[in-house]
Amino acid sequence: MNNYLGTLLSIFVSLVIAAAFIQIHVVNQIKQEMRELQADAVKKIEAEGNLDPVNAQPLLLSYLEDEIATKNFRLDINKLQIKVRRTEGISDGALTYNDEFTCTLTYEKPNLVSFFQSNRDFVYTMHGTMEPLPYDANP
């Protein structure tokens, strides 16, 4: 009887270790893809020009959906939340020339990871500055 229990226990432990390595790989892949999407989102906002932070979310959702499909990422666009907030600048509400903004992407963690951690989402925040207007840029 002891040999059966020992065998079952060793099989169980080896499966748990393999599952943990797979989960670590998945989490690292999600983090890397989110960092890349974060940089792409900030670049898109910077290059867009005069833009309200409220209008930035639908623009970014469609842009990031295309990016996920083009780059064959494993991320689900439905689990992605985007917030764009103007931090400071010369205009009142819109993001215009030299305004600074914060872009925050939030993505749900896999179930096993969120079970062992207190926070349930990956949160990536990046600051950006609107690019000069086209007639200000050098060719």
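Every residue gets a number counted from 1 within its own chain, in the order that chain's sequence is written. With pLDDT at 70 or above as the cut-off, local features in this predicted model cover only qualifying residues; side-chain atom pairs require 80 or more to be listed or tallied, and sums for whole chains, interfaces and linings still use all residues. Computation of side-chain values covers all heavy atoms of the structure but excludes hydrogens and water.

A few words on the confidence of the model for the protein chain. The predictor reports its confidence for every residue as pLDDT, a score running from 0 up to 100. Considering every residue of the protein chain, the mean pLDDT works out to 82; 83% of them sit at 70 or more. Element-level pLDDT for the protein chain is lowest in helix 3 (residues 111-116), with a mean of 68, against a maximum mean of 88 in strand 2 (residues 100-108). Each helix corresponds to a stretch of at least 4 residues labelled H or I by DSSP, and each strand to a stretch of at least 2 residues labelled E; elements are numbered beginning at the N terminus.

Salt bridges are defined as contacts in which a side-chain nitrogen from Lys or Arg sits within 4 Å of a carboxyl oxygen from Asp or Glu. This model, assessed by the stated rule, comprises three salt bridges. Residue K71 is joined to E36 by a salt bridge in which the shortest nitrogen-to-oxygen separation is 2.9 Å. A residue pair is termed long-range when its members are at least 10 positions apart, and K71 in the loop between helix 2 (53-70) and strand 1 (80-88) and E36 in helix 1 (residues 2-48) qualify at 35 residues. Buried means the residue's accessible area, taken with a 1.4 Å probe over protein chains only, is under 20% of the maximum for its type, while exposed means over 50%, and partly exposed covers the values in between. On the basis of relative accessibility, which here comes to 30%, the residue K71 falls in the partly exposed class. Of the residues examined, E36 reaches a relative accessible area of 33% and is grouped as partly exposed. Measuring nitrogen to oxygen at the nearest pair gives 2.7 Å for the salt bridge that ties D40 to K71.

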